[in-house]
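Chains, contacts and geometry: an overview
Here is how the chains run, residue by residue.
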Amino acid sequence: EFDDATNLLAANPDATTVSIGDPDETAGTPHRHRPTEEEDDLLGNEDSDKIELLAGQKKIAPFWTFEYYQTFFDVDTFQVLDRIKGSVLPIPGRNFVRLYVRSNPDLYGPIWICATLIFTITISGNLSNFLLHNGEPQYHYVPEFRKVSIAATAIYAYAWLVPLALWGFLSWRHSKVMSMVSYSFLEIVCVYGYSLFIYIPTSILWIIHIEILRWVLMSLAMCLSGAVLMLTFWPAVREDNRKIAISTLVAIMMLHVLLAVGCGQYFFDKPEAEDASHIVTSIINVTKGTTQSQ
């Protein structure tokens, strides 16, 4: 048929030809338009509609339910150990929040670190006092359980009230300087809680009755944990006024030093009453000795 058509065209080149196309085209039916990726993004496809529908159905649990607080403890052992390692070994240029906390801030580590620190400080303080007076005939050991409540009040107040005040201050400054880095309250609590871990082994070593060693260990712990706080909160205040930024960092460090020195002096030094009784006893002995000699 093609050969016959070719021969006919060769014999009569002026003949009118008719092309037979696709039946759909001849019927005037348009081609089906295939949407592009951009149009899929703009208009949305079936999968995106399902995702949006599921997202709309997902609800946040009320704060009085167990499910609401369960998200604050959704961490595994490796994450907690990694954050503890980051709080003990601060590296310049690395932000603790961005590197360890921002993906999943937790309360599991801070709560248990504070609880462990409370018991290590009180037990070590009682043991230190016992070893200091061991062998004295007039000494009778009495456990000082009241120090547990004092340590709990001091440590948990520091781990919760200081972050609350700092979060309020940074939020206020962020409303004035929009370029400042903002942290959530949970992230700040997480930083403060993990920064206290270094004091757990330090408080155990404070049992040793060597004053110079105690101050060296205290200074080392303050420098390591304080460096974590400085490296974390410096990006949050460096865009602010220079005086305000420096004052904020100084206040953070002063409160940190006050906690360490206060715990060391209160739980591991001899009470003033005992010192006074020893002084009175020595005065009485000296007086008796002079009276007998006379």
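These numbers were taken from a predicted model, which means no experiment stands behind them. Sequence order sets the numbering: in each chain, residues are counted from 1 along the sequence as written. Where local features are concerned, this predicted model is filtered to residues with pLDDT of at least 70; where side-chain atom pairs are given and counted, the filter is 80 or more; whole-chain, interface and lining totals use all residues. The basis for every side-chain value is the complete set of heavy atoms in the structure, and neither hydrogens nor water enter the calculation.

**Looking at the overall build of the protein chain**
Threshold: Strands here are runs of E lasting at least two residues and helices are runs of H or I lasting at least four, both read from the DSSP assignment and numbered beginning at the N terminus. When a residue's accessible area, from a 1.4 Å probe over protein chains only, is under 20% of the maximum for its type it is buried; when over 50% it is exposed; and in between it is partly exposed. Contact definition: two residues touch when any of their heavy atoms are within 4.5 Å. Per-residue accessibility takes into account occlusion by the displayed protein chains alone, with areas from the Shrake-Rupley method and a 1.4 Å probe.
The number of helices and strands found in the protein chain is 14 helices and zero strands. Starting at the N terminus, the α and β elements of the protein chain follow one another as α-α-α-α-α-α-α-α-α-α-α-α-α-α. In the protein chain, buried positions account for 32% of the 294 residues. Of all intrachain contacts in the protein chain linking residues separated by at least 6 positions in sequence, the fraction that spans at least 24 positions is 76%. Counting every atom, the protein chain has about 19,700 Å² of accessible surface; 64% of that belongs to carbon and sulfur.

**Observations regarding the UniProt feature "transmembrane region" (unreviewed entry) in the protein chain**
Applicable threshold: UniProt positions are given in the numbering used here, feature names are shortened, and annotations may be inferred rather than shown by experiment.
UniProt's feature table lists "transmembrane region" (unreviewed entry) at residues 107-128, 148-172, 184-209, 215-237 and 244-268, given in the numbering used throughout. Along residues 148-172 one finds 100% helix and 0% strand; the C-alpha atoms at either end are 36 Å apart. In residues 244-268, helix accounts for 100% and strand for 0%; the two terminal C-alpha atoms are 36 Å from one another.

**Some words on the environment of S124**
Selection rule: Polar contacts, as used here, are pairs of N or O atoms within 3.5 Å; protein pairs need one atom able to donate a hydrogen and one able to accept it. Residues neighboring in sequence count only if both atoms are side-chain atoms.
One can find S124 in helix α8 (residues 108-133). Measuring from C-alpha to C-alpha, the distance between S124 and F268 comes to 8.0 Å, with 144 residues separating the pair along the chain. With residues near it in sequence (within four places) discarded, S124 still touches F119, S203, I204, I207 and F268. Of the polar contacts made by the side chain of S124, one reaches the backbone oxygen of S203; its length is 3.4 Å.

**Quick word on the pattern of salt bridges**
Formally: Salt bridge, as used here: a side-chain nitrogen of Lys or Arg that lies within 4 Å of a carboxyl oxygen of Asp or Glu.
For the structure on display, the rule yields six salt bridges. We note a salt bridge from K147 to E144, for which the minimum N-O separation is 3.0 Å. K147 gets classed as buried once you look at its relative accessible area, which sits at 5%. By sharing partners, the salt bridges in this structure join E144, R146 and K147 into a single network.

**What about a nonpolar patch on the surface?**
Our working definition: Patch membership requires over 30% relative accessible area and the absence of a salt bridge. Like charges are linked within 9 Å, and nonpolar side chains (Val, Leu, Ile, Met, Phe, Trp, Tyr) within 5 Å.
Taken together, the side chains of L205, I208, I210, I212, L213 and V216 make up a nonpolar region of the molecular surface, amounting to roughly 520 Å² of accessible area. Considering each element in turn, the nonpolar patch owes the most residues, three residues, to helix α12 (residues 211-237). Along the chain, the position of L205 falls in helix α11 (residues 199-205).

**A closer look at helix α13 (residues 242-268)**
Selection criterion: To estimate how far a helix should extend, the number of its residues minus one is multiplied by 1.5 Å.
Between its first and last C-alpha atoms α13 spans 39 Å; for 27 residues at 1.5 Å apiece the expected length is 39 Å, and the two agree. All buried positions along α13 are accounted for by A245, T248, L249, I252, H256, L259, A260, C263, G264, F267 and F268.

**Observations regarding helix α6 (residues 77-88)**
End to end, α6 covers 17 Å across twelve residues, agreeing with the expected 16 Å (1.5 Å per residue, within 8%). All buried positions along α6 are accounted for by V80, R83, I84, G86, S87 and V88. Looking at the buried positions of α6, the neighbouring elements they touch are α7 (96-101), α8, α10 (185-195) and α12.

**Remarks on the environment of G264**
Topologically, G264 is positioned in helix α13. Its relative accessible area of 7% is what places G264 among the buried residues. Linking G264 and W206, residues 58 residues apart in sequence, is a C-alpha distance of 8.1 Å.

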